[in-house]
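For reference, the chains in residue letters:
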Amino acid sequence: MISANLAALLYLVAGILFILALRGLSSPATSRRGNMLGMIGMAIAILTTLAVTGPSDWLSWVLIVAGIAIGGLIGAFLARNVKMTQMPELVAGFHSLVGLAAVCVAAAALYAPTAFGIFENGRIRMESLIEMSLGVAIGAFTFTGSIIAFSKLSGRMSGKPILLPSRHAIHIVLGVVLVALIVTFVVTSEPIWFWIITIIALALGILMIIPIGGADMPVVISMLNSYSGWAAAGIGFTLGNTALIITGALVGSSGAILSYIMCRAMNRSFISVILGGFGAEEGSAGAAAEETRTVKQGAADDAAYLMKNASKVIIVPGYGMAVAQAQHAVREMADALKKNGVEVKYAIHPVAGRMPGHMNVLLAEANVPYDEVFELDDINSEFAQTDVAYVIGANDVTNPAAKTDKSSPIYGMPVLNVEDAGTVLFVKRGMAAGYAGVQNELFFRDNTMMLFGDAKKMTEQIVKALAG
Amino acid sequence: MIDPFVFQLSIFVLAIFVGYFVIWSVTPALHTPLMSVTNAISSVIVVGALLAVGAHLAADASIASKIFGFFALVLASVNIFGGFLVTQRMLGMYKKKG
C-alpha cells in the first residue's frame, strides 16, 4: 500500500511520459525512444493502481493476471501478424475496444460506487453521474462507429455511403433524446437509464457512420480516435485519475487535429463529411457527361523507356497502390531507376489512402528511406522541374480541375501539380472516375500517358523492361 | 475549500493545450503510428478496470462490477499490448537513406 498522494504523483509521471511519447513522434529518429517512454508510463500507471488498491483476495489477483495475460496475448498476436495494408482496419478495431472498455468501466463504477469512491450520502455523487454518463455515451458511440468503420475498411461491408431517408432528422432526434436521458439519469441515478443511454449511443454510432463513404475514412478514423480520448477523459474524471485525464485530453486533441488536417486536405468542412456521402448529394452527378475525348495509351516498355531517360522522376502513390500491394514493386522500380542515375522522389497527398500517414507506412515497409518521401507542400513546386510523374493508385488528388473548374465538386481541394511534369504516367485499371465521381482532366492532357492494368503487375513489367 | 473537480478540470484544460502543440509538431509521415500509439495510451483506462476487478467482493463490489471490470481489463490489455507493439513494429521500418 502506498499513500494516495504518492499515487497521484506517480499518475502525473505516467501522464508526462505519455506526453513525451507523442513528442517523440516529431521525427522518425526519436520516435522509438518515445514509444518506449509510453510503455514505461503505462507500466507505472498499472503498478501504481495495483499498489494503491491492493486487491485483497486471491480471486482478484487471479482475475487480474488472467485478464492481462489473455488481452496481452491477443494484442501481441495482432500486432505481430497484421499486414501493413490492414493498418487502417486494425486502428479502427482498436478504437472500438477503447470505446467498449470505457462503457464497461463506467458500468463497473455504477455497480460498485464505493470501490470507486464516488458514493456519498446514500447515492452516487451528481458530478460523477454526469461524467459517467458522458463517458459511457461517447464510449458506446465510439464502439459501434468504429465497428462500422472497421467493416468498411476491411471490405466486410461496402465502402459506398448508405443513405437512409430523413437521416439528418433521425440523428437530431436521437441526439436530443440522448441529452434528455442523461439528465434523467443524473437526477434519478437509476441504472435502467444508464443502459438506455448506452443503447441509444450504440445506435447513433451505427447510424452516423454508415452514410460516410470509403475515401472519407481518414476523417472518420481520426474523429473516432478523438472520441475515444474524450471517453477516456470522462472516465478519468469519475475516477479522479490524473493519468487518465491527461491522456484523454491528449488523445482527444490529437484526433481532433488529425480530423482538421484531413478535412483541410479535402477542402471540405468537418460538418459536411459527418453529414455523409461525398458526391451523394443530388445534382453533383451532372458532371458525368458522356466522354468523347480520347486518351493516349502506353505499355510498360514505353514507360520504362521514358523513365530511364529522365533525370528526375516523382512517384505519386494512392490508395490503389495499397489495394494492389504494389509498394514493393514500386521500390524495386525506384531502385532500378536510381541505378540508371535517375533521381527518384515520392510525393504524398495528406488524404492518400484510408488513414493519415497510410502511404508513408507502406513505403517504409517496402524499405523506402523516409527522406525520399515528401509531403504535398514540400514537393509541389518541384513537378515543374521533373521529367516524369508516375501516378500509381491515386486519382482525385491529382485532378487539375480542383484548381480551375469552379463547378467541380472537388474545386479548392489542394492537389499535387503532376501535370507540370514533362510526362505523366498514370497507372489505372480502367477509365472509371475517382471516388468523388469526377472525371480527371489529367487523362486528356497531351503530356499524359495512360498505363492500363493492375498497379502491381504494371510496375513489375516496368521493372523487367528496365532490367532488359 | 476548492472542489477537487476544479483541479481536475484545470489539468484537463492544460493537457488539451499541451496536446495541441505536441500534436502539431508530429511529422505527417508518422501520423499512422500516432494513431496507434494514442490508441495504446488511451487504454490507461485500464486503471478503472483494475479498480473494479480488485475490489473486495463482500465489502464494496458486486458480481456485476467484477464482471464488467474483468471484461474491460481484457479489452484494454489487447489495446495496450497491441497498440504499443504495432507502433514499435511500424517505427522500426522507418529508415534513412544509405
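In this text, all values refer to a predicted model and were calculated from it rather than measured experimentally. Each chain carries its own residue numbering, running from 1 in the direction its sequence is written. Each chain is given a letter, starting from A, and each ligand a number, starting from 1, according to the order in which they appear as written. Given that this is a predicted model, residues contribute local features only at a pLDDT of at least 70 and side-chain atom pairs are listed and counted only at 80 or more, while totals for whole chains, interfaces and linings are drawn from all residues. Each side-chain value is worked out from all heavy atoms of the structure, with water and hydrogens disregarded.

(A) The overall build of chain A, seen in detail. To qualify as a helix, a DSSP run of H or I must reach at least 4 residues; to qualify as a strand, a run of E must reach at least 2; elements of each kind are numbered from the N terminus. The number of helices and strands found in chain A is 17 helices and 8 strands. Accessible area is worked out with a 1.4 Å probe on protein chains only. A residue is then buried under 20% of its type maximum, exposed over 50%, and partly exposed in between. When each of the 468 residues of chain A is scored for burial, the buried share is 56%. Any pair of residues with heavy atoms lying within 4.5 Å of one another is described as a contacting pair. Considering only contacts in chain A between residues 6 or more positions apart, those separated by 24 or more positions represent 77%. Looking at chain A as shown, the accessible area adds up to about 18200 Å², and 63% of this sits on carbon and sulfur atoms. The charge count includes Lys and Arg as positive and Asp and Glu as negative, but it does not include His or the ends of the chains. Lysine's charge is taken at NZ, arginine's at CZ, aspartate's at CG and glutamate's at CD. The distance from the centre of the 30 positive side-chain charges to the centre of the 32 negative ones in chain A is 4 Å. Methods summary: accessible areas were calculated by the Shrake-Rupley approach with a probe of 1.4 Å, and residue burial reflects only the protein chains presented.

(B) Quick peek at the environment of Lys 83 of chain A. One can find Lys 83 of chain A in the loop between helix H3 (58–81) and helix H4 (87–111). The sequence separation of Lys 83 of chain A and Glu 365 of chain A amounts to 282 residues, and the corresponding C-alpha distance is 9.8 Å.

(C) Spotlight on H4 of chain A. When the terminal C-alpha atoms of H4 of chain A are compared, their 36 Å separation across 25 residues agrees well with the 36 Å that a helix rising 1.5 Å per residue should span. The buried fraction of H4 of chain A is high, at 24 of 25 residues. Expected span of a helix: the number of residues minus one, times 1.5 Å.

(D) Fine view of the side chain of Thr 448 of chain A. Residues and elements named next belong to chain A. Relative to the helices and strands, Thr 448 is located in strand E8 (residues 448–452). In the analysis that follows, any N or O atom pair within 3.5 Å is treated as a polar contact, provided that within protein one partner can donate a hydrogen and the other can accept it, and provided that, for residues neighboring in sequence, both atoms belong to side chains. A distance of 2.7 Å separates a polar side-chain atom of Thr 448 from the backbone oxygen of Leu 442. For Thr 448, the contacting residues outside a window of four places in its chain are Lys 296, Val 424, Phe 426, Leu 442 and Phe 443.

(E) Representation of the sheet that holds strand E7 (residues 423–428) of chain A in the model. All names here are of chain A. Strand pairing follows a simple DSSP-based rule, namely that at least 2 bridges must link the two strands. The strand order across the open sheet built from 6 strands is E5-E4-E3-E6-E7-E8, with neighbouring strands paired in parallel fashion. Each having just a single partner strand, strand E5 (373–375) and E8 make up the two edges of the open sheet. Pairs of neighbouring strands in the sheet enclose a mean axial angle of 25°, with direction left out of account. Contacting strand E3 (312–317), strand E4 (343–348) and strand E6 (388–392), helix H13 (residues 327–339) crosses the sheet at an angle of about 150° to E4. Here helix H14 (residues 358–365) sits on the sheet in contact with E3, E4 and E5, set at roughly 145° to E4. Interaxial angles span 0 to 180 degrees and are taken between N-to-C directions of axes, which are lines fitted to C-alpha atoms, for helices over the stretch in contact.

(F) The arrangement of the nonpolar core in detail. Residues and elements named next belong to chain A. Membership of the largest hydrophobic core comes to 188 residues, with the highest contact counts inside it found for Met 307, Ile 315, Tyr 390 and Ile 462. In terms of residue count, the dominant contributor to this core is H4 (17 residues). Ignoring sequence-local partners within four residues, the contact set of Met 307 consists of Val 313, Met 333, Leu 337, Val 342, Val 388, Tyr 390, Leu 425 and Ile 462. Put simply, buried Ala, Val, Leu, Ile, Met, Phe, Trp, Tyr and Cys residues joined by side-chain atoms within 4.5 Å make one nonpolar core.

(G) Up close: the packing of aromatic side chains. A pair of Phe, Tyr and Trp rings is counted when the ring centres sit within 6.5 Å of each other, with Trp represented by its six-membered ring. The angle between the planes then sorts it: under 30 degrees is stacked, over 60 is edge-to-face, the rest tilted. Enumeration over the complete set of coordinates arrives at 13 aromatic pairs over all chains. Measuring from centroid to centroid gives 6.3 Å for Tyr 111 of chain A and Phe 68 of chain B, while their planes differ by 10°, and the two rings are stacked. Highlighted residues: Tyr 111 of chain A in helix H4 and Phe 68 of chain B in helix H5 (residues 63–91), drawn from two different chains. Given the relative accessible area of 30%, Tyr 111 of chain A is considered partly exposed. A ring pair is formed by Tyr 260 of chain A and Trp 24 of chain B, whose centres lie 6.1 Å apart and whose planes are at 80°; its orientation type is edge-to-face. Of this pair, Tyr 260 of chain A sits in helix H9 (residues 242–266) while Trp 24 of chain B sits in helix H1 (residues 4–24), on two different chains. On the basis of relative accessibility, which here comes to 46%, the residue Tyr 260 of chain A falls in the partly exposed class. According to the relative accessible area criterion, Trp 24 of chain B is partly exposed, its value standing at 33%. In this scheme, the term charge over a ring applies when either NZ of a lysine or CZ of an arginine sits within 6 Å of the ring centre and within 35 degrees of the ring normal. Here Lys 345 of chain A stacks its cationic end above the ring of Phe 374 of chain A, 4.9 Å away from the centre of that ring. The ring of Tyr 319 of chain A has Arg 354 of chain A sitting right over it, with the charged end atom 3.6 Å from the ring centre.

(H) Examining the interface of chain B and chain A more closely. With 81 residues of chain B at the interface, the matching set in chain A holds 106 residues. Values labelled buried area give the accessible surface lost by two parts on being combined, using a 1.4 Å probe and summing over both. Regarding the contact of chain B and chain A, the summed buried area is about 8300 Å², with carbon and sulfur atoms giving 77% of it. When the buried surface of chain B facing chain A is broken down by residue, Met 35, Ile 45 and Tyr 94 of chain B rank first, second and third, together holding 9% of it. Any Lys or Arg side-chain nitrogen found within 4 Å of a carboxyl oxygen on Asp or Glu counts as a salt bridge. Counting across the interface, chain B meets chain A through 0 salt bridges. Seen at the junction of chain B and chain A, the total is 18 residue pairs in polar contact (both at pLDDT 80 or more). Mapped by element, the contributors of at least two residues to the side of chain B that touches chain A are H1, helix H2 (31–42), helix H3 (46–54) and H5 of chain B. If one sorts the elements of the side of chain B that touches chain A by residue count, H5 of chain B sits on top with 26 residues. Each residue gets one label: Ala, Val, Leu, Ile, Met, Phe, Trp, Tyr, Cys and Pro are nonpolar, Asp, Glu, Lys and Arg are charged, and the others, such as Gly, are polar. In terms of residue class, the side of chain B that touches chain A is made up of 50 nonpolar, 24 polar and 7 charged.

(I) Up close: H1 of chain B. The end-to-end C-alpha distance of H1 of chain B is 31 Å, a good match for the 30 Å that 21 residues give at a rise of 1.5 Å each. When H1 of chain B is considered as a whole, its buried residues turn out to be Gln 8, Phe 12, Ala 15, Gly 19, Val 22 and Ile 23 of chain B. Looking straight down H1 of chain B, one finds its buried side chains confined to an arc of 95°; they lie on one side. Along H1 of chain B, the residues that are exposed and aim more than 90 degrees away from the buried face are Phe 7, Leu 14 and Phe 21 of chain B. Along its buried surface, H1 of chain B packs onto helix H1 (4–23), helix H8 (217–239) and H9 of chain A together with H2 of chain B. Here H1 of chain B starts with a cap whose side-chain oxygen sits 2.7 Å from the backbone nitrogen of Phe 5 of chain B, and that cap is Asp 3 of chain B. The arc in question is traced by the directions running from the helix axis to the C-beta atoms.

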